[in-house]
Amino acid sequence: MTKQPHELALMAESGRLLACVFGMLDRLPLAGMTTLEVDTLVERFIVDELQARPASKGQYDFGFVLNASINHVVCHGVPSAADVLMDGDIVNFDITLEKNGYIADSSKTYLVGNVDLAARRLVQTTYEAMWKGIRAVRPGATLGDVGHAIERHAKRNGCSIVREYCGHGIGREMHEEPQVLHFGSKGTGLRLREGMVFTIEPMLNRGGRSVRTEADGWTVVTRDGSLSAQFEHTVAVTATGVEVLTLRPEERGMLQAA
């Protein structure tokens, strides 16, 4: 379950490259693009520019390099030429990347054009909740501490937490132990120790927490049609705290933020 220093170095390189993918996405004019067009651009960037492998493609027979989850889609949205990103949408892109045998996993929810205040607040609250969870990571803490920090922030801001999906260990495989719940009680669950690597990826809804899976077997949506947002990072437990392996340049300093 724990990674050795040479493995952590390789995972950090995968994480650095994945952060570059989001830097590329940040520069795209998303309004008017289809999610399939975004998927194609991301695949080319990972393969041709970064000389890496898009780890999601082919995993569990999934045919694309990313999940594209728009508005009320909670997760696992399938890229499509029919899904055009429109002014006012929010969309989460969830991407994995493998380099030298090790996988990194991260996601970000984007605001497309002029997004209303309620949607902006949901996205901001979800981002903050992820960081609350990340800041709870340290040797001797528990996964319950992480989940509690996320849940408390979500509830204080009027959001519900999807419970059917969670973070996970990661390394040579995309999904390893442990499972990382985004709710919980302080002092409960697995005790963290140096060398553990896992994702923290809360999904918050503006309405109720109930979800359902659509007929394609992939796309998960809110039952009440309310908006959903998600953010995700891959983190490693260090001797003194936590390292965010997929940290993006604009996020430097987030660990120290209140």
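Everything numeric here is computed off the predicted structure, so don't read it as measured data. (Residues numbered from 1 in each chain as written. Predicted model: local features only at pLDDT ≥ 70, side-chain atom pairs only at ≥ 80, totals over all residues. Heavy atoms only, no water.)

S.K.: Where do I start with the environment of Arg16 in this structure?
M.R.: Structurally, the position occupied by Arg16 is in helix H1 (residues 5–26). Since its relative accessible area comes to 44%, Arg16 is described here as partly exposed. With 230 residues separating them in the primary sequence, Arg16 and Thr246 have C-alpha atoms 5.8 Å apart. Reaching out from Arg16, the side chain makes a polar contact with the side chain of Glu13 at a distance of 2.9 Å. (Helix = DSSP H or I, 4+ residues; strand = E, 2+ residues; numbered from the N terminus. Buried < 20%, exposed > 50% of the residue type's maximum accessible area, 1.4 Å probe, protein only. Polar contact = N/O pair within 3.5 Å; in protein donor to acceptor, adjacent residues only side chain to side chain.)

S.K.: Before we go on, may I ask you to explain a positive patch on the surface in this structure?
M.R.: Residues Lys132, Arg152, Arg156 and Lys186 make up a contiguous surface patch of positive charge. Of note, Lys132 is situated in helix H3 (residues 117–135). Residue classification places Lys132 among the partly exposed residues on the basis of a relative accessible area of 31%. (Patch = residues over 30% accessible without salt bridge, like charges linked within 9 Å, V, L, I, M, F, W, Y side chains within 5 Å. Areas by Shrake-Rupley, 256 points an atom, 1.4 Å probe, with all protein chains shown as cover. Salt bridge = Lys/Arg side-chain N within 4 Å of Asp/Glu carboxyl O. Lys, Arg positive; Asp, Glu negative; His and termini not counted. Charge placed at Lys NZ, Arg CZ, Asp CG, Glu CD.)

S.K.: What is the right way to read helix H2 (residues 35–49) from this model?
M.R.: An α-helix turns once per 3.6 residues; consequently, residues spaced three or four apart project the same way. For H2, built from 15 residues, the straight-helix expectation of 21 Å at 1.5 Å per residue is met to within 8% by its first-to-last C-alpha distance of 20 Å. If you follow the buried residues of H2, they end up packed against H1, strand S1 (53–54), strand S2 (66–70) and strand S4 (90–99). (Expected span 1.5 Å × (residues − 1). Contact = heavy atoms within 4.5 Å.)

S.K.: Just checking my understanding: could you explain the sheet that holds strand S3 (residues 73–75) for this structure?
M.R.: Two modes of strand pairing occur in sheets, parallel and antiparallel, and in both the strands are linked by backbone hydrogen bonds. As summarised here, the arrangement of the three strands in space is S3-S12-S11, forming an open sheet in which the pairing is antiparallel. Both edges of this open sheet fall to S3 and strand S11 (211–213), since each of them pairs with a single strand only. The mean angle between the axes of side-by-side strands here comes to 40 degrees, regardless of whether they run parallel or antiparallel. (Pairing = 2+ DSSP bridges. Axes fitted to C-alpha atoms, helices over the stretch in contact; angles between N-to-C directions.)

S.K.: What should I look at first to understand the sheet that holds strand S10 (residues 203–205) in this one?
M.R.: Strand order in this open sheet of three strands is S6-S10-S13, and the pairing throughout is antiparallel. Strands with a single pairing partner mark the edges of an open sheet, and in this sheet they are strand S6 (160–161) and strand S13 (228–230). As paired elements, S10 and S13 share three bridges and run antiparallel to each other. In the strand pairing of S13, Leu204 is matched with Ala229.

S.K.: Any chance you could explain the packing of H3 against helix H4 (residues 143–156) here in plain terms?
M.R.: When two helices pack together, their arrangement is captured by the angle between the axes and the distance separating the axes. In contact at an axis separation of 7 Å, H3 and H4 are set at 155 degrees when each is read in the N-to-C sense. By the angle class used here, H3 and H4 are roughly antiparallel. As for how H3 packs across H4, the hand of that crossing is right-handed. The segment H3 lies against H4, with Thr125, Glu128, Ala129, Lys132 and Gly133 engaging Val146, Ala149, Ile150, His153 and Ala154. Split by residue class, the contact of H3 with H4 holds five nonpolar, three polar and two charged. (Parallel < 35°, antiparallel > 145°, perpendicular 65-115°, else oblique. Left-handed = near helix turned anticlockwise from the far one by under 90°. Nonpolar A, V, L, I, M, F, W, Y, C, P; charged D, E, K, R; others polar.)

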